[in-house]
Amino acid sequence: MMRAFGVHAYGGEQVFFELPVPDPGPGEVLVKVAGAGVGSWEAMIASGEFPLLRPFPLALGLDFSGTVAAVGEGVSGIFKGDQVYAYNYPVANNGAFAEYVMVPATYLAPPPVSMGLVEAAAVPCAAVTAHKAVTELLDVREGEVVLVTGGSGGVGHLAVQIARDLGARVVATASRAKHDFLRELGAETIIDYRDNGGDVAKSVRKLYPSGIDKALCNVYGATVQWCVQSLRDGGKTVDLTGTELVAPARVDHVRDFVAVADAERLGVISRMID
């Protein structure tokens, strides 16, 4: 048996409980957990707002790092004792708030060598989301002006760096206390979301009168409207919050994107971090 942490029912109290240590089947890997990331999605899962459709008791935790404890039949290239990390969604067995977690081998990637194993546990979900949104859904290109709302947050601060590395000119929103941090990450312009009466689109249009090329919305509330209003005709926005919005026909609006496990992408991210 192993200790785990999660819920016995959606909306219930988050508690410790015991679960059997799972045995890896074909194509699966059992990992002894070193660290587990914590995100806002944990509360969404625990409440039932974002159900995982797994049996109870349900261990929470979508990010983790650790050491391979056992390997199932048919798994190649992964061996007992290897250090790994992953974004565990869709959840195949139990969540990562546990002593052990079992996932498909296709979820696992080597963590960055420049990071401690526990630190690395906070990377996968935010990084896979940011990387896919910026490089694939937004298809950010060199010279484009890209707005990232919530630029100092988990997904945001990674998206800023990825977009910058692609040669984009990054505009980020954050409180004034985080402006120096975002400049260090390569943002060209940082906007305090409280300026102009909280109208970020107005602030953006003052600086870029013809509008910007792309926008990534990371913050719930009015920010998706700011993103759409900041775009030039033919611009594109990706909304990670799922906010209800009827976008004008002049822009391309991708709503409610949820990333899934992607070991190949996570391997790219490890190399970028290093």
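Residues numbered from 1 in each chain as written. Predicted model: local features only at pLDDT ≥ 70, side-chain atom pairs only at ≥ 80, totals over all residues. Heavy atoms only, no water.

(A) Just the packing of aromatic side chains, in detail. Taken as a whole and assessed by the stated rule, the structure comprises 4 aromatic pairs. Ring geometry for Phe50 and Tyr89: centres 5.6 Å apart, planes at 35 degrees, overall tilted. Placement of the pair is Phe50 in the loop between helix 1 (40-47) and strand 4 (58-59) and Tyr89 in the loop between strand 6 (83-87) and strand 7 (100-104), with a sequence separation of 39 residues. Taking relative accessible area as the criterion, Phe50 reaches 21% and is therefore assigned partly exposed. (Phe/Tyr/Trp six-rings, centres within 6.5 Å; stacked < 30°, edge-to-face > 60°. Helix = DSSP H or I, 4+ residues; strand = E, 2+ residues; numbered from the N terminus. Buried < 20%, exposed > 50% of the residue type's maximum accessible area, 1.4 Å probe, protein only.)

(B) Layout of unusual backbone geometry. Note the cis peptide between Phe56 and Pro57, where omega equals -5 degrees. Residue placement: Pro57 occurs in the loop between helix 1 and strand 4. Here the bond from Tyr89 into Pro90 is cis, since omega is 0 degrees, no more than 30 degrees from zero. When you line up the elements, Pro90 lands in the loop between strand 6 and strand 7. A positive phi angle, near 55 degrees, is found at Leu53, a position not held by glycine. Note on placement: Leu53 falls in the loop between helix 1 and strand 4. Positive phi values are uncommon outside glycine, yet Asp139 reaches one of about 50 degrees.

(C) Region of interest: the layout of surface pockets. In this structure, the largest pocket spans a volume of roughly 1,100 Å³. For the lining of the largest pocket, the elements supplying multiple residues, two or more each, are helix 1, helix 3 (124-137), helix 4 (154-165) and helix 8 (263-273). Examining the composition of the lining of the largest pocket, we find that 9 residues originate from one element, helix 4, more than from any other. Here the residues of the lining of the largest pocket are counted per class, giving 24 nonpolar, 13 polar and 6 charged. (1 Å grid on protein atoms, 1.4 Å probe; cavity = no way out; pocket = protein on both sides within 12 Å on 5 of 7 lines; lining within 4 Å. Points joined across faces, edges and corners; volume = space filled by probe spheres on them. Nonpolar A, V, L, I, M, F, W, Y, C, P; charged D, E, K, R; others polar.)

(D) Layout of the pattern of salt bridges. Tallying each qualifying case throughout the model produces 14 salt bridges. One salt bridge connects Glu136 with Lys132, and the closest N-O pair in it is separated by 3.7 Å. You can see Glu136 and its partner Lys132 sitting in helix 3, 4 residues apart, about one turn around the helix. Given a relative accessible area of 43%, Glu136 falls into the partly exposed group. The residue Lys214 makes a salt bridge to Glu144 at a minimum N-O spacing of 3.0 Å. One end of the pair, Lys214, is in strand 11 (residues 212-217); the other, Glu144, is in the loop between helix 3 and strand 8 (145-148), with 70 residues separating them in the sequence. (Salt bridge = Lys/Arg side-chain N within 4 Å of Asp/Glu carboxyl O.)

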